[in-house]
Amino acid sequence: MSLLDIYVLGAPILREETRPVEAVTDDIRRLVDDMFETMYAAKGIGLAAPQVGRTERLAVVDVDDNPLVVINPEIILAEGKQRGEEGCLSIPDIYGDVERAMRVVVRAQDREGKPVEIDANELLARCLQHEIDHLHGRLFIDYLGLVKRRSALAKWEKLRKGDKSHTRKILPTEAAGHHHRDEEL
Ligand code: K1U
Ligand code: ZN
């Protein structure tokens, strides 16, 4: 498995539409495995393919030690509302309050290409909406009001200190913190 570089705000791929995955091949499963490794190393709860420079319509999430792969995901039901803070591995250290549906049902394919429906609430629902947005070129900052969006972008520019690179490297040592429940002694 490999740690992948994460594309950051300003990289054109983060604003592009993804293309549907036609067949879940070993190459796709390798990408999924690398994305999980990268997400855990970066201490995220989700990661979408464009964030690692890929155009396939797929994402990984893990909320409460429940790893999920969503290939070609579609929200088939959204209900209720929740407002809460979001971050993004592609815009590190920037946070903002975003209103999302409280519950979503997502139809997708899993790692084997099998159709699945995920009925999600609260943080998992928020994370799935955030990741599915990535697959359509949308970022959480797009939902902020003008003033908060401008201040988030100003903070981002300040943090970047003129750095024009489109990717950031994730250090393997950052992975040390993550482990699954079944790995506990
Ligand atoms: O897609 C991404 O950029 C990952 C992102 C997902 C996400 C976080 C918070 C709300 C919705 C979606 C992250 O994981 S950023 C890391 C982070 O802020 C976080 C980590 C654990 C719990 C909550 C937030
Ligand atoms: Zn994100």
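Basis of the calculations
Residues numbered from 1 in each chain as written. Chains lettered and ligands numbered in written order. Predicted model: local features only at pLDDT ≥ 70, side-chain atom pairs only at ≥ 80, totals over all residues. Heavy atoms only, no water. Pairing = 2+ DSSP bridges. Helix = DSSP H or I, 4+ residues; strand = E, 2+ residues; numbered from the N terminus. Phe/Tyr/Trp six-rings, centres within 6.5 Å; stacked < 30°, edge-to-face > 60°. Buried < 20%, exposed > 50% of the residue type's maximum accessible area, 1.4 Å probe, protein only. Polar contact = N/O pair within 3.5 Å; in protein donor to acceptor, adjacent residues only side chain to side chain. Contact = heavy atoms within 4.5 Å.

Observations regarding the pairing of strand β4 (residues 67–79)
Across five bridges, the pairing between strand β3 (residues 58–62) and β4 is antiparallel. Across the sheet, residue L58 finds its bridge partner in β4, namely I71. In textbook terms, the turn of a hairpin is the stretch between consecutive antiparallel strands, and for β3 and β4 this stretch comprises four residues, one of which, D64, has a positive phi near 60°. Examined bridge by bridge, β4 and strand β7 (residues 103–109) share six bridges and lie antiparallel to one another. Directly across from I71, in β7, lies its bridge partner Q109.

A word on the packing of aromatic side chains
The final tally for this structure, using the stated rule, is one aromatic pair. For the ring pair F36 and Y40, a centre distance of 5.9 Å and an interplane angle of 20° mean the geometry is stacked. With F36 and Y40 both in helix α1 (residues 26–41) and four residues apart, this pair spans about one turn of that helix. A residue is classified by how much of its surface remains accessible, and Y40, at 14% relative accessible area, is buried.

A look at unusual backbone geometry
Most peptide bonds are trans, and most residues other than glycine sit at a negative phi. Even without a glycine there, the phi angle at K43 is positive, about 60°. For K161, which is not a glycine, the phi torsion comes out positive at approximately 45°. Mapped onto the fold, K161 is located in the loop between α3 (146–160) and β9 (167–168).

Observations regarding the side chain of R29
Its place among the elements puts R29 in helix α1. Polar side-chain contacts of R29 include one of 3.1 Å to the side chain of D26. In contact with R29, not counting residues within four places along its chain, are V24, R111 and E112.

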